[in-house]
Amino acid sequence: MDYFRLLPEGCVSDILSFTSPKDAAISSAVSRGFNSAAESDVIWEKFLPDDYKNIISRYASPWVCSSKKELYFSLCDSPVLIDGGKLSFSLDKKTGKKCFMIAARELAISWGVDTPWYWEWISHPDTRFVEVAHLKAVRWLDIRGTIGTQMLSKRTKYVMYLVFKLVEGHEGLEIANAYVRFVNRMSENEAEERASVVSLVEEKVKRRKRNVKLPHNRGDGWMEIELGRFFNDTGDDGDVEARLMEIMRLHGKGGLIVQGMEFRPE
Amino acid sequence: MASTTETKQKKMLILKSADNDEFEIEESVGVQSETIKNLVEDGFTFVPLPNVYTKALIKIIDYLKKHANKTDSNDEEIKTFDKDFVNTTFDDLFELVSAANYLHISCLMNMLCQTIADRIKDKSPEAVRKIFHINCDYTPEEEAKIRKANAQAFEGQFDESLD
């Protein structure tokens, strides 16, 4: 006998809400009864972040979804701009946890403002943001992004990435330092001492150095380099800062396009 | 069936199952159920439960008694009790879900739902049907349509085992 047949439909939804977004979507194919339970807003409200209503109210452009399930999957597939386009927001497909990208304009970039011979601001066909930062030439490379831990999903390991492209003829980007720190807990000096070594250029250092983190292709036309990771426990740790820098070796650097910094679950 | 060994001052309730068995329990134990609590607040001490059969009710009273005596020191004991409680047949589990749902005992409901959900996790629709003896009432065309609509969830591997 079908064990589910005697349950009220609400109970089937209750049970499915204890699975995962993937399981709930798949269960639609089990039977008609499962399908109608699996479409229920009760389930998808539970899979959406607790503060999703607040986030939706910060959308940069108006937006409608007919069901919570549709909302969930559209947030997985296509990031939305919030806070007037300063941030993009999406959900991690597998876990439903929150991902953010800070637009380049909202990053603290040394020599990034009013000195277009160092960094210039350009529009780009591949970006979700209005503009991206183009590094023409600089000796002092220093990019920081900050986000409040209260915005992120709780009890979640986050990894932070710089999202970028290299321009033909780029130079001096083979080596740089990166760190991630809780602003209230670790001083800048301490973080600099603990910084890891990264390269924005894949091929050149591949065989030479072991401990150098290398960039990856994101599959959306952009590259990313991991800047560091941290555990967001209850969201009470204040601000987290991620930083990419090369301020020791002051050779010329150029040919970099920065879209932003992304914070996403491990 | 009623036990009358409890102390005199404690307020008692009588629960009556769908198959007409009566059980006497302390009010403080019974009010963990929102449904019973509402009736008690309206002055009832005799509570008929037309949707809950004796077999499930005995188990649920056991559960309520155990959880009414929750303290900091018996945390492990209750965890073991809960683990044993849900380690039962599907017949029992599903009957308990209906009862817990009707009685509005949220911690019990969550535990039962999680137990059943764990058996659905990572399974293919075919495996879910077999595990729970569900008849597929879709036509092949309808099923293909549903799979297409949820295509991204169908990427990757499934657990086809029936445990």
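On a predicted model such as this, the values are computed, not experimentally measured, just so you know.

Caption draft 1: Geometry of the layout of surface pockets. Residue and element names in this part refer to chain A. Roughly 510 Å³ of volume is contained in the largest pocket. If you trace the largest pocket, you find 20 residues lining it, with Leu 48, Pro 49, Asp 50, Lys 97 and Ser 153 closest to the centre. In this structure, the second largest pocket occupies an estimated 330 Å³ of space. Along the walls of the second largest pocket sit 16 residues, with Cys 76, Ser 90, Arg 218, Glu 262 and Arg 264 positioned nearest its centre. It is helix 6 (residues 68-77) that contributes the most residues to the lining of the second largest pocket, three residues altogether.

Caption draft 2: Geometry of the packing of helix 4 (residues 75-86) of chain B against helix 6 (residues 106-120) of chain B. Residues and elements named next belong to chain B. Between helix 4 and helix 6, whose axes approach to 10 Å, the crossing angle comes to 55°. Comparing the axis directions of helix 4 and helix 6 gives the class oblique. You can see that helix 4 and helix 6 cross each other, and the crossing is right-handed. Of the residues in helix 6, those in contact with Asp 82, Phe 85 and Val 86 of helix 4 are Leu 108, Met 111, Leu 112 and Thr 115. Its residues placed into classes, the contact of helix 4 with helix 6 shows five nonpolar, one polar and one charged.

Caption draft 3: Geometry of the UniProt feature "domain: SKP1 component dimerisation" (unreviewed entry) in chain B. In the numbering used here, UniProt assigns the "domain: SKP1 component dimerisation" (unreviewed entry) feature to residues 108-153 of chain B. Between the C-alpha atoms that bound residues 108-153 of chain B the distance is 30 Å, and the span itself is 67% helix and 0% strand.

Caption draft 4: Summary view of the interface of chain B and chain A. On the side of chain A, 28 residues touch chain B, which itself brings 37 residues to the contact. Linking chain B with chain A are one salt bridge, by the criterion used here. The shortest N-O distance in the salt bridge between Glu 142 of chain B and Arg 32 of chain A comes to 2.8 Å. Scanning the region where chain B abuts chain A turns up 13 residue pairs in polar contact (both at pLDDT 80 or more). Secondary-structure elements contributing two or more residues to the side of chain B that touches chain A are helix 5 (90-103), helix 6, helix 7 (125-132) and helix 8 (140-149) of chain B.

What counts, and where the lines are drawn
Residues numbered from 1 in each chain as written. Chains lettered and ligands numbered in written order. Predicted model: local features only at pLDDT ≥ 70, side-chain atom pairs only at ≥ 80, totals over all residues. Heavy atoms only, no water. 1 Å grid on protein atoms, 1.4 Å probe; cavity = no way out; pocket = protein on both sides within 12 Å on 5 of 7 lines; lining within 4 Å. Points joined across faces, edges and corners; volume = space filled by probe spheres on them. Helix = DSSP H or I, 4+ residues; strand = E, 2+ residues; numbered from the N terminus. Axes fitted to C-alpha atoms, helices over the stretch in contact; angles between N-to-C directions. Parallel < 35°, antiparallel > 145°, perpendicular 65-115°, else oblique. Left-handed = near helix turned anticlockwise from the far one by under 90°. Contact = heavy atoms within 4.5 Å. Nonpolar A, V, L, I, M, F, W, Y, C, P; charged D, E, K, R; others polar. UniProt positions renumbered as here; feature names shortened; annotations may be inferred. Salt bridge = Lys/Arg side-chain N within 4 Å of Asp/Glu carboxyl O. Polar contact = N/O pair within 3.5 Å; in protein donor to acceptor, adjacent residues only side chain to side chain.

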